[in-house]
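An overview of the molecular structure
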Amino acid sequence: MLETICLSFVRIIIVFQLNRISCIDSSSDLKNVSMVLNHLLKSYDRYHRPTYGGEPDKVIVDIYVRSMGGISELDMEYSFDCFFRQRWTDKRLIYNQTSVMNYTSLPVSFQMFSKIWKPDTYFYNGRRSYIHSVPHVNRFFRIANDGTILYSQRLTIRATCVMNLRNLPLDTQRCTLLIGSFAYDSEETVYEWNNNSAVDVQSNLIMNQFSLFDASVGKRFLDSDNRTRSIIYVVFAFRRHVGYFLLQLYIPCILIVFLSWVGLWLNREATNDRINLGVTTVLTLIFVIIEGKKDLPKVSYITALDLFLAVCFIFVFSTLFEFALVHYYTKARTGDLNENMRDLEDYVIRTDNTDSNNHDIISSDVHLVYRPSVAATPSLKSETSNNVAYKCWRNFHCKPAYSAFQGRALKNIFYANSESKIDIIARTLYPLAFFIFNFIYWTYYLYASRQQSKGEQT
């Protein structure tokens, strides 16, 4: 029993001594790190680059894209959120690994970061880029034992993007980001991409109007102000989603064109109905075009969307013009039925083959005769004045046109020419022409969009 108590007491003493030793070692390690950093900065000159007077310093860059922001055709710009990492080697910061507990890299504060040299990286086509600072500034800084420095920061980069909208909305856009030094030329600082992972994109990246399908990188030299600068670039290739334009513009315009063809099946006498339908479809299409294009840039060339909307407008307007031709070339009077009836009150119905003396009806083919021409005949006046029975007979066979609405004469006048040959031809010609246009339109621009995507990938 006594031996057990002694062993437990000895164990407690050993554990206490080990903890004390570890605390002393950790505090000594921290002192060693501070001593190493202070020693590195003792004779350090942050105003000169590491290889001043020698070879150019090499800055290795890689980007991890977290999300893509909006792509604005009006402002010709795009934005994305990323981790922007830079690596360079400063041999003046090499330290002994054993003196800091075998740390291969030291995460240090930004107070020290402000005391060392860093490249003046610059986005040549950038706009309003900023670093995230909530809840703290999103960046970190590490120094490896061989003097390699890793500087990572979370940025939202907004840059210009020159877009070609000729195939809009079946287009593919290529947006470039140029990265280089602001002050140093290629003989002082050289930028290169990380060979292992130059640009990585988050796997579940989702965009509203576009899809990112490629991100290619490269490097080149830029000559400006009699100086040659080292520049690296990344090209983001975006393919536009057509669904929004189909629902908001293409399908409504096609339905409006179909609606304008309803007038082709209306009688030529329905003047008000056909004019109202034509004017309504024209105004509706104009409203759809204005609302659909208000968020698109005003370019000097014709886009695929402009061509489709223009052709739809031509089809809708031409149906109104077609009725004008039908109205002009019609043989019978057109217009409201009540107006025709008032105009025909001075007409009477009689047959073609009648005797000049007694106007007996011989044929059953009836036509209209102007009433004054009948009433002004002298022989007819003299005979009818003495023959009351003939007056009754004439009133029975020569009735005013409006009282014989169901008769054959009124049917010949109003309905013999109500279906125009122009309307009959247009019923086939308009749908056929619109179908041919759509076939050529979609075939051409889908092929052009595919070729544009292949060209950007290469």
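Residues numbered from 1 in each chain as written. Predicted model: local features only at pLDDT ≥ 70, side-chain atom pairs only at ≥ 80, totals over all residues. Heavy atoms only, no water.

1. Side note on the overall build of the protein chain
- Across its full length, the protein chain carries eleven helices and 14 strands.
- Residues counted as buried form 37% of the 458 residues belonging to the protein chain.
- Residue pairs at least 24 apart in sequence account for 76% of intrachain contacts in the protein chain once pairs closer than 6 positions are excluded.
- Element-wise, carbon and sulfur atoms account for 58% of the exposed surface of the protein chain, whose accessible area totals about 27200 Å². (Helix = DSSP H or I, 4+ residues; strand = E, 2+ residues; numbered from the N terminus. Buried < 20%, exposed > 50% of the residue type's maximum accessible area, 1.4 Å probe, protein only. Contact = heavy atoms within 4.5 Å. Areas by Shrake-Rupley, 256 points an atom, 1.4 Å probe, with all protein chains shown as cover.)

2. Considerations on the layout of surface pockets
- Of the pockets and cavities examined, the largest pocket occupies roughly 270 Å³.
- Residue lining of the largest pocket: 16 residues in total, with Ile71, Glu73, Gln209, Phe210 and Arg240 positioned closest to the centre.
- When residues of the lining of the largest pocket are traced back to their parent elements, those giving at least two are β1 (57–72) and α3 (243–260).
- Here the element with the most residues in the lining of the largest pocket is β1; it accounts for four residues.
- For the lining of the largest pocket, the class distribution of residues is eight nonpolar, five polar and three charged.
- Counted as a void, the second largest pocket has a volume near 230 Å³.
- As for the second largest pocket, its lining consists of 16 residues, and the residues nearest its centre are Thr121, Tyr122, Phe123, Gln153 and Leu155.
- For the lining of the second largest pocket, the secondary structure elements donating two or more residues are β2 (77–89), β4 (121–123), β5 (130–131) and β7 (148–160). (1 Å grid on protein atoms, 1.4 Å probe; cavity = no way out; pocket = protein on both sides within 12 Å on 5 of 7 lines; lining within 4 Å. Points joined across faces, edges and corners; volume = space filled by probe spheres on them. Nonpolar A, V, L, I, M, F, W, Y, C, P; charged D, E, K, R; others polar.)

3. Regarding the nonpolar core
- With 77 residues, the main nonpolar core has Ile63, Tyr78, Phe80, Leu177 and Trp193 as its most contacted residues.
- A total of eight residues in this core trace back to one element, the largest contributor, which is helix α5 (residues 304–329).
- When near neighbours in sequence (up to four residues on either side) are disregarded, Ile63 contacts Phe80, Cys82, Phe83, Phe84, Ile179, Trp193, Ala198, Val199 and Asp200. (Core = buried A, V, L, I, M, F, W, Y, C linked by side-chain atoms within 4.5 Å.)

4. Comments concerning the sheet that holds β4
- Strands sit in the order β4-β8-β12-β11 across an open sheet of four strands; the sheet is antiparallel. The open sheet has two free edges, formed respectively by β4 and β11 (210–224), since each of these has just one partner strand. Recorded for the sheet is a direction-independent mean angle of 25° between the axes of neighbouring strands.
- As paired elements, β4 and strand β8 (residues 172–181) share three bridges and run antiparallel to each other. Across the sheet, residue Thr121 finds its bridge partner in β8, namely Ser181. (Pairing = 2+ DSSP bridges. Axes fitted to C-alpha atoms, helices over the stretch in contact; angles between N-to-C directions.)

5. So, the confidence of the model for the protein chain
- Summarising the model, the protein chain shows a mean pLDDT of 78, and 71% of its residues fall at 70 or more.
- Note that residues 20–27 has pLDDT below 50 and, in this model, zero contacts with residues that lie over four places away or in other chains. (pLDDT = per-residue confidence, 0-100.)

6. Overview of the side chain of Asn167
- Checked against the element boundaries, Asn167 lands in the loop between β7 and β8.
- On the basis of relative accessible area, Asn167 is assigned to the buried category, the value being 13%.

7. Quick notes on the packing of aromatic side chains
- Going through the model one piece at a time under the given rule, you end up with 32 aromatic pairs.
- Their ring planes at 90° and their centres at 6.3 Å tell us that Trp88 and Trp117 sit as a pair that is edge-to-face. Residue Trp88 is found in strand β2, and its partner Trp117 is found in the loop between α2 (110–113) and β4; the two are separated by 29 residues along the sequence. The exposure classification of Trp88 matches that of Trp117, with both residues buried.
- The ring of Tyr44 carries Arg92 above its face, with NZ or CZ at 4.2 Å from the centroid.
- Above the plane of the ring of Phe213 lies Arg239, whose end atom (NZ or CZ) is 4.2 Å from the centre. (Phe/Tyr/Trp six-rings, centres within 6.5 Å; stacked < 30°, edge-to-face > 60°. Lys NZ or Arg CZ within 6 Å of the ring centre and 35° of its normal.)

8. Some details on the packing of α3 against helix α4 (residues 271–293)
- Running from N to C, α3 and α4 point in directions that differ by 170°, and their axes come no closer than 10 Å. Accordingly, the angle class assigned to the pair α3 and α4 is roughly antiparallel. Within the contact between the two elements, α3 uses Gln248, Leu249, Cys253, Ile256, Leu259 and Ser260 and α4 uses Leu277, Thr281, Thr284, Leu285, Val288 and Gly292.
- Class assignment of the residues belonging to the contact of α3 with α4 gives a composition of seven nonpolar, five polar and no charged. (Parallel < 35°, antiparallel > 145°, perpendicular 65-115°, else oblique.)

9. Concerning the pairing of β1
- Strand direction decides the pairing type here: β1 and strand β9 (residues 189–193), joined by five bridges, are parallel. Note that in β9 the partner of Val61 across the bridge is Trp193.
- Where β1 meets β2, ten bridges bridge the pair, whose relative direction is antiparallel. Within β2, the residue paired with Asp62 across the bridge is Arg85.

10. Focus: the state of the cysteines
- For the structure shown, the criterion picks out one disulfide.
- Each sulfur of the disulfide joining Cys161 and Cys175 lies 2.1 Å from the other. On the sign convention where negative means left-handed, the S-S torsion of about -80° between Cys161 and Cys175 marks this disulfide as left-handed. Here the residue Cys161 occupies a position in the loop between β7 and β8, and Cys175 occupies one in strand β8, the gap between them amounting to 14 residues.
- Classification of Cys175 as buried rests on a relative accessible area of 0%. (Disulfide = S-S within 2.5 Å.)

11. Side note on α3
- Here α3 spans 25 Å end to end across 18 residues, near enough to the 26 Å set by a 1.5 Å rise per residue.
- Maximal helix bending in α3 amounts to about 30°, located at Tyr250; proline Pro252 follows within four positions.
- Among the residues of α3, those classed as buried are Phe245, Leu249, Tyr250, Cys253, Ile256, Val257 and Ser260. (Expected span 1.5 Å × (residues − 1). Bend = angle between axes of the 7 residues up to and from the residue.)

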